[in-house]
Amino acid sequence: MFASDGDHSIVIYFGTAALLIDLLFMVSLPTVGLMTCAFSTLAMGGALILTDTTGVATTITAMSTLLLSIHFATFNFYHMFATRRLRTRKLKAANETIEVLLGHYDQHGSDWLVEIDRHGRLVRPSQRMCEALGRPREAVEGMDLKTLIDPGPELREALNAADEHKQISNHLLPARVHGEQRWWSISGCPIYDSKGEYAGYRAFVQDVTEKHAAENRVRTLALTDGLTGLANRAVFRSRLEKALAAAAEDQTIFGVLFIDLDSFKVINDTLGHAAGDEILCQSAERIAAMVKPGDTAARFGGDEFALILSSTTGDCGEIVARADALSDAMARPFRVDDRSVASGASIGVAIGPRDGADGEALLRAADLALYEAKALGRGRSVEYQPALLEERAERRALEADLRNALDRGEFLLHYQPLIDIKTRGITGYEALLRWNHPVRGSVPPAEFIPIAEQIDIINPIGEWVLREALKEAATWRDDITIAVNVSPAQMRGEALLAQVINALASSGVAPERLELEITENLLMQECDAHVRMMHRLRTFGVKIALDDFGTGYSSLNYLRSFPFDKLKIDRSFVKDLTYDGDSRSIVEMLLRLGRNFSMKTIAEGVEHEGQFAALEAMGCEQVQGFMFGKPVPASSIPPSVRKPATAKAEPSLAPVEWLKQNGCAGLPAHSDCCKTACRKC
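The rules we used
Residues numbered from 1 in each chain as written. Predicted model: local features only at pLDDT ≥ 70, side-chain atom pairs only at ≥ 80, totals over all residues. Heavy atoms only, no water. Helix = DSSP H or I, 4+ residues; strand = E, 2+ residues; numbered from the N terminus. Contact = heavy atoms within 4.5 Å. Pairing = 2+ DSSP bridges. Buried < 20%, exposed > 50% of the residue type's maximum accessible area, 1.4 Å probe, protein only. Arc of directions from axis to C-beta. Axes fitted to C-alpha atoms, helices over the stretch in contact; angles between N-to-C directions. Core = buried A, V, L, I, M, F, W, Y, C linked by side-chain atoms within 4.5 Å. Polar contact = N/O pair within 3.5 Å; in protein donor to acceptor, adjacent residues only side chain to side chain.

A. Seen up close, the environment of Ser583. You can see Ser583 is positioned in helix 21 (residues 581–596). Considering only alpha carbons, one finds Ser583 and Ser572, 11 residues apart in sequence, at a separation of 8.6 Å. Apart from residues lying up to four places away in sequence, Ser583 is in contact with Phe573, Asp576 and Leu577.

As structure tokens, then:
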């Protein structure tokens, strides 16, 4: 019944193999390993004890090994149990934290946690989502997400990504909630069940309606004019290039219009910038009203607008007709602060691609046509013609010659007499500038003076006119006046005041003999500064005459703000005086105004006795016109106007000495310059 020597060796070997197997179980399956180890130890221990041939040392060693194995198995089991308990606690705490965070995020965050099944239906909707949709949870549960999204490319793109089980990141979708469009940003990824099959999507949804609107506003500001809402210059140029490409491909034409508001600066300075902005907005509305599908309206800045007009017939006449219609629309008065304001617009028309193969060439062509429209009297549209390019080259050549005309001595003055209507005697002369070009001959003032103003050389020319006119007037009798026209450019800053003082001082002519003629339009430009300038000139005795009276804007307002010495009635009213009742009524009214404001009156453009007699009967004081003589050079002025040869010439003075003699009390004695602000100079 007891094992033999061979048997107990087999028991030991078998038990050792069993222990090794148990050790493997202890590592992978601690509970099973502990149980098998215990059974193996009991079996082997009993076998060794019952075997009488086994030595005590062998038995003790074997039993110690078995007990050590049991201890290891017990320790491993305990370690596994403790570790699992710790992991369970940590996992529970982590789950609780995640649930708290998700709950807090769902309640206070800007996103909603959304689950969608494989059919696109909402599963377990969050409270925030139900509140955002304004529906109870039961109504939202199982709802098809597509019913909340507006059809369009955004939805198609999202559905394609879902069909391919792709991750979605910040995808923008237009949603419809209670009839109001909202914008949702969705980020999510597909989820799979335990079998690895596609189960739907888990995503976060954020309402970004306000952000989307703000981005749209920024995008709009980048592409449109902030005041009028029309496209800006950059957008216009981009669409112009596209129009050229389309015209080349389809063999069609289109129009490019440059639009410039007439008299805008005058209106802006007179009525204020707010009124000017209102004029711009109303102009933009009229321009936009002419726009058809495929057209582009833009504002380039200031009072400059542009249009791209598509053609449905391929006929240039269609584009020109639309430009004329726009000109008529812009000619209607604007309403600003319950007042009617007349402006109008000049329009240049270019046809693409006929007038330019690229955008720059087309814009230059339209600009040339616009310049021609202004030259022809404004308030009209002009189509570009190749001859305009030649005219531009001609103008540039004229500008170059005009810049050197003063240094070359090509300017001269002609003088036209001013006649007393009672005595028919000469009371003064008006100095009129002439340009004797060495090649072109006599260039009309209406042609070169606007150019001189535009290229900013009118100041030296005006100073020369003042100096030469007063130098000539110094040779006349002391009762003969000299009238000199003043350009608006000369009124800027303090240039005119210095020019007048220098010319009076060097010529010795009394200030009372000098009449400066200004136009109503000049007063409209920086009016307050100009009125202050005229007051300072009048302080020295210089007379101020209002030229072309009745042809400008707000004349009566300026009669109140500045006491002019003389009103000059424009020739346009005098021309039809003898047979046109309206002209007669206007002249009578203007003369009556002059008398009421204690101003002398003079009518220009008198050419025959009938006009003279009518003006005399109305009480006009002076006349001027071809009836009494054309403008003549100084050498043709009659000797009776000049001083006797024996008369002593007026001394030429330095400006400072002249100021002292003419009542500048603020000028210190023995001083070369004025150190006080007396506002006279």
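B. Representation of the pairing of strand 3 (residues 168–177) in the model. The pairing of strand 3 with strand 4 (residues 180–192) spans 8 bridges and is classified as antiparallel. When the bridges of strand 4 are listed, Arg176 appears paired with Gln181.

C. Layout of helix 6 (residues 153–163). Within the sequence span of helix 6, burial applies to Leu155, Ala158, Ala161 and Ala162. An end-on view of helix 6 places all buried positions within 125° of arc, on one side of the element. When the buried face of helix 6 is taken as reference, the exposed residues oriented beyond 90 degrees from it are Pro153, Arg156, Glu157 and Asp163. Of the surrounding secondary structure, the elements contacted by the buried residues of helix 6 are strand 3 and strand 5 (198–207). Immediately beyond the C-terminal end of helix 6, within one or two residues, lies His165, with a positive phi of roughly 55°.

D. Structural detail: unusual backbone geometry. The omega torsion of the bond from Gly352 to Pro353 falls at 0°, within 30 degrees of zero and hence cis. At Arg424, a position not held by glycine, the phi torsion is positive, near 60°. Looking at the element boundaries, Arg424 is found in the loop between strand 13 (411–420) and strand 14 (426–437). With a phi angle near 55°, Ser598 is a residue other than glycine that sits in the positive phi range. Looking at Ser598, the relative accessible area reads 67%, which means it is exposed.

E. Summary view of the sheet that holds strand 7 (residues 296–301). The mixed open sheet is built from 5 strands, whose spatial order is 7-8-6-11-12. Looking along the sheet, the strands with just one partner apiece sit at the ends: strand 7 and strand 12 (381–383). Neighbour-to-neighbour, the strand axes of this sheet turn through a mean angle of 20°, independent of strand direction. Judged from the 3 bridges that link them, strand 11 (residues 345–352) and strand 12 form a sheet pairing that is parallel. Looking at strand 12, one finds that Ile347 is bridged to Ser381. Running over the sheet, helix 10 (residues 273–289) touches strand 6 (254–261), strand 7 and strand 8 (304–310) and is turned about 5° from strand 8.

F. The arrangement of the nonpolar core in detail. Counting 75 residues, the largest nonpolar core has Ile482, Leu514, Leu516 and Leu615 as the members making the most contacts within it. Broken down by element, this core gets its largest block of residues, 8 residues, from helix 15 (residues 458–473). Those residues in contact with Leu516 that lie beyond four places of it in its chain are Leu466, Val484, Val486, Val500, Leu537, Val542, Lys543, Ile544 and Ala545. Ile279, Phe305, Met330 and Ile347 belong to the second largest nonpolar core, which has 27 residues in total.

G. The arrangement of the sheet that holds strand 1 (residues 111–117) in detail. With respect to topology, 5 strands assemble into an open sheet ordered 2-1-5-4-3, the strand pairing being antiparallel. Only two strands of the sheet have a single neighbouring strand rather than two, namely strand 2 (122–123) and strand 3. As judged from the 2 bridges shared by strand 1 and strand 2, these two strands associate in the antiparallel manner. Considered in strand 2, the bridge of Glu115 is made with Val123. Most of the contacts of helix 6 go to strand 3, to which it runs at about 130°, and overall it touches strand 3, strand 4 and strand 5.

H. Structural view of the pairing of strand 4. The antiparallel pairing of strand 3 with strand 4 creates a hairpin that spans 2 residues between the two strands, and His178 there sits at a positive phi of about 55°. Taken together, the 9 bridges between strand 4 and strand 5 define a ladder with antiparallel strand orientation. Bridging across to strand 5, Tyr192 finds its partner in Tyr198. Counting the residues that bridge the hairpin from strand 4 to strand 5 gives 5 residues, and of these Gly196 lies at a positive phi of roughly 85°.

I. Spatial organisation of the side chain of Asp295. With respect to the helices and strands, the residue Asp295 is situated in the loop between helix 10 and strand 7. Using a relative accessible area of 10% as the deciding quantity, one classes Asp295 as buried. A polar contact is formed between the side chain of Asp295 and the backbone nitrogen of Lys292, at a distance of 2.8 Å. Within the structure, Asp295 has its side chain in polar contact with the side chain of Arg322 (distance 2.6 Å). If sequence neighbours within four positions are ignored, Asp295 has contacts with Met290, Ile308, Leu309, Ser310 and Arg322.

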